[in-house]
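Structural description and commentary
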Amino acid sequence: MEALYQFVKLDKSEKLQDFAQKKLDKLEVKYDWIVKAQVYFKKEEAQDPKGYICNIKLSAPGPQIFAESNEKSFEAATAETIRDLDRQLGKRKSQMKTHSN
């Protein structure tokens, strides 16, 4: 899966990118039909104590899958966003099985 990272008004972080990539790799193992991921990190100062936002759009068969989380750190936001995507992908997978029978 191709992954594109964007840091909105932030410095690029290899550490954060690696963290997100490891999580995405686990999703790809479970759902090998994911084509591409677009990952956005942004900080909203006005939303303290949270305000660390991660949103991810996945390209896969069917409509685009999207999730966003706002947490106290980028790592927590990334983990929560991935959990949400995992739930959505699980639903999509069960729908795909239904249609292929």
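Structure first, text after, so check above.
Keep in mind the model is a prediction, meaning the values are calculated, not measured. (Residues numbered from 1 in each chain as written. Predicted model: local features only at pLDDT ≥ 70, side-chain atom pairs only at ≥ 80, totals over all residues. Heavy atoms only, no water.)

The element strand 2 (residues 36–43) is extensively covered by neighbouring structure, given that six of its eight residues are classed as buried. Judged from the seven bridges that link them, strand 1 (residues 2–8) and strand 2 form a sheet pairing that is parallel. The residue bridging A3 from the neighbouring strand is A37, located in strand 2. (Buried < 20%, exposed > 50% of the residue type's maximum accessible area, 1.4 Å probe, protein only. Helix = DSSP H or I, 4+ residues; strand = E, 2+ residues; numbered from the N terminus. Pairing = 2+ DSSP bridges.)

Moving on: the sheet that holds strand 1. Taken in spatial order, the four strands of this open sheet run 1-2-3-4, and their pairing is mixed. Because the sheet does not close on itself, it has two edges, and the strands there are strand 1 and strand 4 (65–71). Averaged over all neighbouring strand pairs, the angle between strand axes comes to 15°, with direction disregarded. Here seven bridges tie strand 3 (residues 52–59) to strand 4, and the two strands are oriented antiparallel to one another. Paired with Y52 across the two strands is E71, which belongs to strand 4. Across the face of the sheet, helix 1 (residues 14–30) comes into contact with strand 1, strand 2 and strand 3 while running at roughly 145° to strand 1. (Axes fitted to C-alpha atoms, helices over the stretch in contact; angles between N-to-C directions. Contact = heavy atoms within 4.5 Å.)

Grouped together as the largest cluster of nonpolar side chains are 23 residues, with contacts concentrated most on L24, L27, F41, I56, L58, L85 and L89. Elements that contribute at least two residues to this core include exactly strand 1, helix 1, strand 2, strand 3, strand 4 and helix 2 (74–100). If you tally residues by element for this core, the top one is helix 2, at five residues. Beyond its immediate stretch of four places on either side in the chain, L85 contacts L27, I56, L58, I65, F66 and A67. (Core = buried A, V, L, I, M, F, W, Y, C linked by side-chain atoms within 4.5 Å.)

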